[in-house]
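So the chains spell out like this:
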There are 4 protein chains.
Amino acid sequence: MEQPTGSAAVSFEDARAVMEAQPFSRLLGTKLTAFRAGHAELRLVVRPELLQQGHFVHGGVLAYAADNAITFAGGSILGAAVLTKGLVIEYVRPAQGDFLRAAAHVVTRSGRHAVCRAEIYAVTGNNDMLCAVAQGTVSAVRPAP
Amino acid sequence: MEQPTGSAAVSFEDARAVMEAQPFSRLLGTKLTAFRAGHAELRLVVRPELLQQGHFVHGGVLAYAADNAITFAGGSILGAAVLTKGLVIEYVRPAQGDFLRAAAHVVTRSGRHAVCRAEIYAVTGNNDMLCAVAQGTVSAVRPAP
Amino acid sequence: MEQPTGSAAVSFEDARAVMEAQPFSRLLGTKLTAFRAGHAELRLVVRPELLQQGHFVHGGVLAYAADNAITFAGGSILGAAVLTKGLVIEYVRPAQGDFLRAAAHVVTRSGRHAVCRAEIYAVTGNNDMLCAVAQGTVSAVRPAP
Amino acid sequence: MEQPTGSAAVSFEDARAVMEAQPFSRLLGTKLTAFRAGHAELRLVVRPELLQQGHFVHGGVLAYAADNAITFAGGSILGAAVLTKGLVIEYVRPAQGDFLRAAAHVVTRSGRHAVCRAEIYAVTGNNDMLCAVAQGTVSAVRPAP
């Protein structure tokens with residue numbers, strides 16, 4: 001696990017404020033539920049508006065959750081000004097449950113870049129079912145010269 | 001480009017009905033704007049609810065658009081009962097504009113599987129700006145034995 | 001971690017024999033150094049023939065090591081008849097050292113499919129430097145009907 | 001398609017010299033067969049040493065070919081000092097034939113970065129069989145300050 005640099009430290013409170021400042025995350029009802037150096041977790045309640053034509057959560061919601069969890073995990077060590085450069089997501093099971101939980105962690109940091117992994121679970125009661133597995137890269141935004 | 005098999009043929013009308021039957025796509029305002037064997041295109045208007053904390057479209061919306069365009073492209077040759085197994089997306093420019101356009105095509109089909117690629121553009125007037133580049137795999141769902 | 005099914009059990013000895021039966025792995029000098037349910041590790045000595053134009057191991061060698069470690073990890077729970085369907089690899093540091101070590105594990109299994117992750121290290125003395133981070137999907141080959 | 005910048009221009013001859021300077025590419029017998037702004041193609045003869053335990057080319061060889069073709073395509077517009085940051089490869093058919101052909105092109109360039117796609121074919125006589133489909137990112141190396 002990577003150590004945050006002094007300048008990059010972002011508090012849980014600050015990170016939550018960033019999440020609340022994302023209109024799309026508010027539309028989906030996402031809450032940041034854990035945030036520490038190298039780790040971030042978010043949750044969103046499974047509402048009917050988040051489904052595809054069957055009875056499962058739309059893959060796009062899982063991809064959003066993976067993307068956002070990875071961004072916050074990267075930001076936890078790189079600072080608030082980060083961009084996710086890209087990600088891969090594998091859908092392993094249809095997602096059905098009370099809420100989604102996306103947990104991301106930093107695998108390694110190299111300069112301004114962090115490679116992160118995320119798992120997305122559909123949670124029903126005490127049962128966390130792994131639905132998608134992701135990996136992505138986050139980069140600190142370079143200040144304009 | 002692959003030829004659809006007789007049994008797999010899905011009309012533009014049928015495909016639009018599938019899109020309309022996705023609550024998450026209705027929430028985002030997605031319209032299927034092109035659909036033929038091996039190709040699908042969708043559009044969604046950039047509303048304030050789709051942004052991240054800056055003034056750009058949330059990466060999760062781009063990932064959703066890539067996922068869904070790839071699913072419909074795969075479905076155009078594999079039939080309506082398909083699942084996207086996974087995808088990779090690279091974000092290449094911040095997305096800002098009047099609407100998003102996601103165009104996907106089938107690169108190759110092998111049995112029940114199709115590898116597809118997609119480009120996601122932010123469109124302002126006559127200017128299509130490429131914002132994300134994706135690749136994914138779609139599989140026809142096997143009927144229960 | 002997944003449990004192997006009875007029929008799928010592959011011994012370390014059998015797995016080593018598969019590795020030895022791969023001409024390309026012999027060309028590169030790859031040894032299978034660990035193999036148990038859900039986990040596989042391989043090593044290859046860094047010879048001058050494996051470098052790119054600089055003094056680093058060619059990215060293609062790292063991609064090969066990731067691919068093969070993932071295949072063996074998948075095979076450890078799915079049985080010897082498996083195919084890697086695809087993988088993503090992120091190169092995080094130039095690879096330089098005495099040998100490469102690729103460690104892969106199964107994240108989750110769903111039917112005939114397993115999603116695996118791998119880390120590739122360049123090892124010098126007691127120093128394991130993480131050089132690449134990968135994720136891929138392995139599928140058991142369906143017997144011909 | 002992107003235009004090379006003046007400073008970045010690399011001739012076919014120079015690019016071939018880079019390929020010849022890669023010991024791993026010499027080990028595999030790779031030849032650069034096409035190179036122009038935004039495009040690169042390489043070929044390698046399918047020798048028994050490149051196979052896996054069956055009669056097919058090892059997936060690691062296909063991943064190497066995709067990686068290298070993508071690097072050269074990126075270098076064609078970004079200049080000779082480039083690094084491939086990562087790639088995804090989907091294996092779509094077993095590779096068997098006289099030689100492999102990997103063709104890569106730049107999809108888009110954004111500053112020092114280029115997103116490229118590649119197709120890898122197994123060629124037998126006049127038959128080009130598509131075996132793998134890849135996408136990756138190449139970055140120009142920043143000179144040390």
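Since this is a predicted model, take the numbers as computed values, not measurements.

**Points about the overall build of chain A**
Right, so step 1: Each helix and strand in chain A was counted, giving 3 helices and 6 strands.
Right, so step 2: Element order for chain A, N to C, with α for helix and β for strand: α-α-β-β-α-β-β-β-β.
Right, so step 3: Taking 15 Å as the expected radius of gyration for a compact globule of 145 residues, we find that chain A reaches 15 Å, a close match to that expectation.
Right, so step 4: With respect to the three principal axes, the spread of C-alpha positions in chain A is 50 × 30 × 25 Å.
Right, so step 5: The buried share of chain A, reckoned over its 145 residues, is 54%.
Right, so step 6: Long-range pairs, those at least 24 residues apart, make up 67% of the contacts in chain A with a sequence separation of at least 6.

**Brief notes about the sheet that holds strand E6 (residues 127–140) of chain A**
Right, so step 1: Strand order in this open sheet of 12 strands is E1(A)-E2(A)-E4(A)-E5(A)-E6(A)-E3(A)-E3(B)-E6(B)-E5(B)-E4(B)-E2(B)-E1(B), and the pairing throughout is antiparallel. Each edge of the sheet is formed by a strand with only one pairing partner; in this case those strands are strand E1 (30–36) of chain A together with strand E1 (31–36) of chain B. Neighbour to neighbour, the strand axes of the sheet diverge by 20° on average, direction disregarded.
Right, so step 2: Inspection of the sheet shows strand E3 (residues 82–91) of chain A paired to E6 of chain A by 9 bridges, in the antiparallel sense. Bridging across to E6 of chain A, Leu83 of chain A finds its partner in Ser139 of chain A.

**Re the nonpolar core**
Right, so step 1: Of all hydrophobic cores here, the largest spans 205 residues; its most connected members are Ala66 of chain A, Ala66 of chain B, Ala66 of chain C together with Ala66 of chain D.
Right, so step 2: Ignoring anything within four residues of it in the chain, the contact list for Ala66 of chain C reads Leu87, Ile89, Ala102, Ala118, Ile120, Ala132 and Ala134 of chain C.

**Details of the interface of chain B and chain A**
Right, so step 1: Contact with chain B, which involves 28 residues of that partner, is made by 28 residues of chain A.
Right, so step 2: Listing elements by their share of the side of chain B that touches chain A, those giving two or more residues are helix H2 (23–28), helix H3 (59–78) and strand E3 (82–91) of chain B.
Right, so step 3: Of the residues assigned to the side of chain B that touches chain A, the class counts are 15 nonpolar, 9 polar and 4 charged.
Right, so step 4: Two strands pair when backbone bridges link them, and E3 of chain A and E3 of chain B are joined in this way by 5 bridges, in the antiparallel orientation. Directly across from Val88 of chain A, in E3 of chain B, lies its bridge partner Val88 of chain B.

**Some details on the environment of Asn68 of chain A**
Right, so step 1: Residue position: Asn68 of chain A is located in helix H3 (residues 59–78).
Right, so step 2: The buried category is assigned to Asn68 of chain A, around which 29 C-beta atoms lie within 10 Å.
Right, so step 3: Distance in space between the C-alpha atoms of Asn68 of chain A and Ala40 of chain A is 9.3 Å, their sequence separation being 28 residues.
Right, so step 4: Those residues in contact with Asn68 of chain A, other than ones at most four positions away along the chain, are Ser25, Thr30 and Leu42 of chain A together with Gly60 of chain B.

**With respect to the relation of the copies chain B and chain A**
Right, so step 1: The two copies are related by a screw motion: chain B maps onto chain A through a turn of 180° and a shift of 0.0 Å along the axis, at an RMSD of 0.0 Å. On the angle and the small slide along the axis, the relation comes out as a two-fold axis. Across chain B, the rotation axis passes nearest the C-alpha of Val88 of chain B, at a separation of 2.0 Å.
Right, so step 2: An overlap of 100% is found between the interface residues of chain B and their copies at the interface of chain A, pointing to a shared contact surface.

**Some details on the pairing of strand E2 (residues 39–45) of chain D**
All names here are of chain D.
Right, so step 1: In terms of burial, E2 is largely enclosed, as 5 of its 7 residues are buried.
Right, so step 2: Pairing between strand E1 (residues 31–36) and E2: 5 bridges, direction antiparallel. Opposite Arg36, over in E2, you have His39 as the bridge partner.
Right, so step 3: Turn length for the E1-E2 hairpin, with the two strands adjacent in sequence and antiparallel, is 2 residues, and the turn residue Gly38 shows positive phi of about 90°.

**Here we look at the packing of helix H3 (residues 59–78) of chain C against helix H3 (residues 59–78) of chain D**
Right, so step 1: The contact between H3 of chain C and H3 of chain D brings their axes to 8 Å, and the two run at 145°. Here the hand of the crossing between H3 of chain C and H3 of chain D comes out right-handed. Across the interface between the two elements, Gly59, Gly60, Ala63, Tyr64, Asp67 and Asn68 of chain C of H3 of chain C pack against Gly59, Gly60, Ala63, Tyr64, Asp67 and Asn68 of chain D of H3 of chain D.
Right, so step 2: Each residue belonging to the contact of H3 of chain C with H3 of chain D can be placed in one class, and the counts come to 4 nonpolar, 6 polar and 2 charged.

**Let's talk about the sheet that holds strand E3 (residues 82–91) of chain D**
Right, so step 1: As summarised here, the arrangement of the 12 strands in space is E1(C)-E2(C)-E4(C)-E5(C)-E6(C)-E3(C)-E3(D)-E6(D)-E5(D)-E4(D)-E2(D)-E1(D), forming an open sheet in which the pairing is antiparallel. Of all the strands in the sheet, the pair left with one neighbour each is strand E1 (31–36) of chain C together with E1 of chain D. For this sheet, the mean angle separating the axes of adjacent strands, direction not counted, is 20°.
Right, so step 2: Here strand E4 (residues 99–110) of chain C runs beside strand E5 (residues 113–124) of chain C; their pairing, made up of 11 bridges, is antiparallel. Looking at the pairing, Arg101 of chain C lines up with Tyr121 of chain C of E5 of chain C.
Right, so step 3: Running at roughly 135° to strand E3 (residues 82–91) of chain C, H3 of chain C makes contact with E1, strand E2 (39–45), E3, E4, E5 and strand E6 (127–140) of chain C together with E3 of chain D of the sheet.

**With respect to the environment of Lys85 of chain C**
Right, so step 1: Along the chain, the position of Lys85 of chain C falls in strand E3.
Right, so step 2: It is 23 Å that separates the C-alpha atoms of Lys85 of chain C and Cys131 of chain C, two residues lying 46 residues apart in sequence.

**Description of H3 of chain A**
Right, so step 1: Between its first and last C-alpha atoms H3 of chain A spans 28 Å; for 20 residues at 1.5 Å apiece the expected length is 28 Å, and the two agree.
Right, so step 2: Here H3 of chain A lies mainly inside the structure; 20 of its 20 residues are buried.

**Brief notes about the confidence of the model for chain A**
All names here are of chain A.
Right, so step 1: Of all residues in chain A, 92% attain a pLDDT of 70 or more, and the chain-wide mean is 93.
Right, so step 2: Contacts of residues 1–7 to residues separated by more than four positions or lying in other chains number 12 contacts, the stretch itself having pLDDT below 50.
Right, so step 3: Interface confidence in the predicted complex, given as ipTM, is 0.93; pTM for the same model is 0.94.

**Focus on the environment of Lys85 of chain A**
Right, so step 1: Exposure remark for Lys85 of chain A: the 21 C-beta atoms within 10 Å place this residue in the buried category.
Right, so step 2: Excluding residues within four positions of it along the chain, Lys85 of chain A makes contact with Thr137, Val138 and Ser139 of chain A together with Glu90 and Tyr91 of chain B.

Each value, and the rule that gives it
Residues numbered from 1 in each chain as written. Chains lettered and ligands numbered in written order. Predicted model: local features only at pLDDT ≥ 70, side-chain atom pairs only at ≥ 80, totals over all residues. Helix = DSSP H or I, 4+ residues; strand = E, 2+ residues; numbered from the N terminus. Rg over C-alpha atoms; globule rule 2.2 N^0.38 Å. Buried ≥ 20, exposed ≤ 12 C-beta atoms within 10 Å, placed from the backbone. Contact = placed C-beta atoms within 7 Å. Pairing = 2+ DSSP bridges. Axes fitted to C-alpha atoms, helices over the stretch in contact; angles between N-to-C directions. Core = buried A, V, L, I, M, F, W, Y, C linked by C-beta atoms within 7 Å. Nonpolar A, V, L, I, M, F, W, Y, C, P; charged D, E, K, R; others polar. Least-squares fit on C-alpha atoms with pLDDT ≥ 70 in both. Left-handed = near helix turned anticlockwise from the far one by under 90°. Expected span 1.5 Å × (residues − 1). pLDDT = per-residue confidence, 0-100.

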